[in-house]
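# Secondary and tertiary structure notes
The lines below spell out each chain.
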Amino acid sequence: MTKETQFTLPDFRNLGILLRTVAALQVFGLLAALVNATDLSGVLGLFFRYAAYLEPPLLGAMLILYLAAPKLNTLPPRQGLLLSLLASMLSAAFWHVLLEWRATADLAASLPRTLLLAAVAAGLILAWFDWRARRLSPALAEARLQALQARIRPHFLFNCINSVLSLVRSNPARAETALENLAELYRGLMADNRQLSSLGREIELARAYLDLESLRLGERLQVDWRVDGGVEGTPRQIYMPSLVLQPLLENAVCHGIEPHPEGGRIGVDIFIRDGQLNVVVRNPLHAEAPARPGNRMALSNIRERLALHFDAEARLSVHQVSEEFVVQMVIPLKETPRGKTA
């Protein structure tokens, strides 16, 4: 398989994947009930009967795949797919034999037919997850393109260069630091944002961006960083999608600081709660400031990337508290990244 057509196994330890698997099998059971029922009044009873037969092997297969997930992620895609199908067939065969032995049900299907149905159902569900991942993958490519278009902006680059030139003679050390920050930021923007990045790296890029903006905005831009001690002690061991913190801060600067002549203060809180990493960004909300485009697009872009990496386990919420605009990002702790890291 080429890289473009390579099959992608889902993360069998992801809550969203597990819930979608259960829902997909229920859909199969409902369709089977609709086909086999003699009338509509018998559909519900037949559906519950099928569910009683389908749920135990499904739970068994999910347990096997949950335990085997770390090993499956290291295997070639075809081997992982084959082992996933075998796990589903093994669970279905065990339940079929158990029912025959206990004689608690009138089994219309033979063991070979049960194995075939388990393989087909598992294959369809895995193909659906692969299609879903491919459907979301263009969002990552689009996110990278938008990052290049929206963040590597000509006026941002020109402003940075002009700021550096103004410091070359008066403060050469700060001018050198600004050039280093600019190079570091562009290096991060040009990297492949489909890979996970360490929290430490994301904080470095965010600070580099804010240092560059402070050259232009001066005292108008004030930033309060509050990083929890448990996070600050091991930032390199926590992973998150690349380029999600810097865009949040850019939104805060563009919509909370730039429109107001007096500027304002941005708050950044990073902490761990209930086994999840929380990132909260606050910026002033000025009712009299004109609305600026791009805010919803950036937040929607980040939501899509979080969904692709973490599915239902991550979320991005937006709300207003008093005169502040607050964005909160919650992602599961990933001390060992799934796949490559940036």
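These remarks concern the structure in this document. Bear in mind that the values here come from a model prediction, so they are computed numbers and not experimental data. (Residues numbered from 1 in each chain as written. Predicted model: local features only at pLDDT ≥ 70, side-chain atom pairs only at ≥ 80, totals over all residues. Heavy atoms only, no water.)

## A look at the overall build of the chain
For clarity, the threshold we go by: Strands here mean DSSP runs of E at least two residues long; helices mean DSSP runs of H or I at least four residues long; both are numbered from the N terminus. Per-residue accessibility, obtained with a 1.4 Å probe over protein chains only, is compared with the maximum for each type, and a residue is labelled buried under 20%, exposed over 50%, and partly exposed between these values. Between two residues, a contact is recorded if the distance between any of their heavy atoms is within 4.5 Å. In this description, accessible areas are obtained by the Shrake-Rupley approach with a 1.4 Å probe, and a residue is regarded as covered only by the protein chains that are shown.
Summing up its helical and strand segments, the chain has 10 helices and 7 strands in all. Residues counted as buried form 43% of the 342 residues belonging to the chain. Long-range pairs, those at least 24 residues apart, make up 74% of the contacts in the chain between residues at least 6 apart in sequence. Surface exposure of the chain reaches about 18,500 Å², of which carbon and sulfur atoms provide 60%.

## Let's talk about the pattern of salt bridges
Under the convention used in this document: Between Lys or Arg on one side and Asp or Glu on the other, a salt bridge is scored when a side-chain nitrogen of the former is within 4 Å of a carboxyl oxygen of the latter.
The full count for this structure, using the stated rule, is 5 salt bridges. Of the charged contacts, one joins Arg226 and Asp269 as a salt bridge, the two residues approaching to 2.6 Å between their closest N and O atoms. Here Arg226 is found in strand 2 (residues 221-227), whereas its partner Asp269 is found in strand 4 (residues 264-273), with 43 residues between them in sequence. As a salt-bridge pair, Glu324 and Arg282 come within 3.7 Å of each other at their nearest N and O atoms. Of the two residues, Glu324 sits in strand 7 (residues 324-332) while Arg282 sits in strand 5 (residues 276-284), which places them 42 residues apart along the sequence. Given the relative accessible area of 30%, Glu324 is considered partly exposed.

## What to know about the environment of Arg113
Here Arg113 is to be found in helix 4 (residues 111-150). Judged by relative accessible area, which is 47%, Arg113 ranks as partly exposed. Separated by 20 residues in sequence, Arg113 and Ala93 have C-alpha atoms that sit 10.0 Å apart.

## Let's talk about empty space enclosed by the protein
Rules: Cavities and pockets are defined on a 1 Å grid built over the protein atoms alone: a cavity is a set of grid points where a 1.4 Å probe fits but cannot escape, while a pocket is an open set with protein on both sides within 12 Å along at least five of seven lines, and lining residues are those with an atom within 4 Å of any such point. Grid points are joined across faces, edges and corners, and a volume is the space filled by probe spheres set on the points. In this classification, the charged set is Asp, Glu, Lys and Arg, the nonpolar set is Ala, Val, Leu, Ile, Met, Phe, Trp, Tyr, Cys and Pro, and all remaining amino acids, among them Gly, are polar.
Under the counting rule described, the total for this entry stands at 1 cavity of 30 Å³ or more. Volume-wise, the largest cavity comes out at about 70 Å³. Looking at the largest cavity, it is lined by 10 residues, and the ones nearest its centre are Asn251, Ala252, Asn283, Phe325 and Val327. At the level of secondary structure, the elements contributing two or more residues to the lining of the largest cavity comprise helix 9 (245-257), strand 5, helix 10 (295-310) and strand 7. The element contributing the most residues to the lining of the largest cavity is helix 9, with 4 residues. Here the lining of the largest cavity is composed, by residue class, of 6 nonpolar, 4 polar and no charged.

## Comments concerning unusual backbone geometry
A negative phi holds for most residues other than glycine; trans holds for most peptide bonds. Its identity is not glycine, yet Asp274 carries a phi of approximately 55°, on the positive side. Relative to the assigned elements, Asp274 resides in the loop between strand 4 and strand 5. Even without being glycine, Ser322 reaches a positive phi, approximately 55°. Relative to the helices and strands, Ser322 is located in the loop between strand 6 (315-321) and strand 7.

## Thoughts on the nonpolar core
The cut-off we apply is this: To define a nonpolar core, start from buried Ala, Val, Leu, Ile, Met, Phe, Trp, Tyr and Cys residues and group those joined through side-chain atoms within 4.5 Å.
In this structure, Ile266 and Met329 are the most contacted members of the largest nonpolar core, which totals 45 residues. Top contributing element to this core by residue count: helix 7 (residues 199-217), with 8 residues. Once you skip the residues sitting within four places of it in the chain, Ile266 turns out to touch Leu221, Gln222, Val223, Asp224, Leu249, Ala252, Val253, Ile257, Val281, Arg282 and Asn283.

## Considerations on the packing of helix 7 against helix 9
The condition that has to hold: As a rule, the C-alpha atoms of each element are fitted with a line to give its axis, helices using only the stretch in contact, and angles between N-to-C directions run from 0 to 180 degrees. In these notes the angle categories are as follows: under 35 degrees is roughly parallel, over 145 is roughly antiparallel, 65 to 115 is roughly perpendicular, and the rest is oblique. Throughout, a crossing is termed right-handed when the near helix is turned clockwise from the far one, and left-handed when it is turned anticlockwise from it by less than a right angle.
The N-to-C vectors of helix 7 and helix 9 enclose an angle of 25°; their axes lie 8 Å apart at closest approach. The angle between helix 7 and helix 9 falls in the class roughly parallel. Here helix 7 runs over helix 9; the crossing is right-handed. For the pair helix 7 and helix 9, the contacting residues are Glu202, Ile203, Leu205, Ala206, Tyr209, Leu210, Glu213 and Leu217 in the first and Leu245, Gln246, Leu249, Glu250, Val253 and Ile257 in the second. Residues that form the contact of helix 7 with helix 9 fall into these classes: 10 nonpolar, 1 polar and 3 charged.

## Digging into the sheet that holds strand 5
The strands making up a sheet associate through hydrogen bonds between their backbones, and the pairing can be parallel or antiparallel. Defined as follows: One requirement defines pairing of two strands: DSSP has to find at least two bridges between them.
Here we have 5 strands laid out as an open sheet, ordered 2-4-5-7-6, and mixed in their pairing. What marks the edges here is a single partner per strand, and that holds for strand 2 and strand 6. Each neighbouring strand pair of the sheet contributes to a mean axis angle of 15°, computed without reference to strand direction. Sheet topology places strand 5 next to strand 7; 9 bridges connect them, and they run antiparallel.

## Observations concerning helix 7
As a reminder, the rule being used: Expected span of a helix: the number of residues minus one, times 1.5 Å.
With 19 residues, helix 7 extends 26 Å between its outermost C-alpha atoms, agreeing within 8% with the 27 Å of an ideal straight helix rising 1.5 Å per residue. Within helix 7, 15 of the 19 residues are buried, leaving the element largely enclosed by the surrounding structure. Gly218 sits one or two residues past helix 7 and shows a positive phi near 65°.

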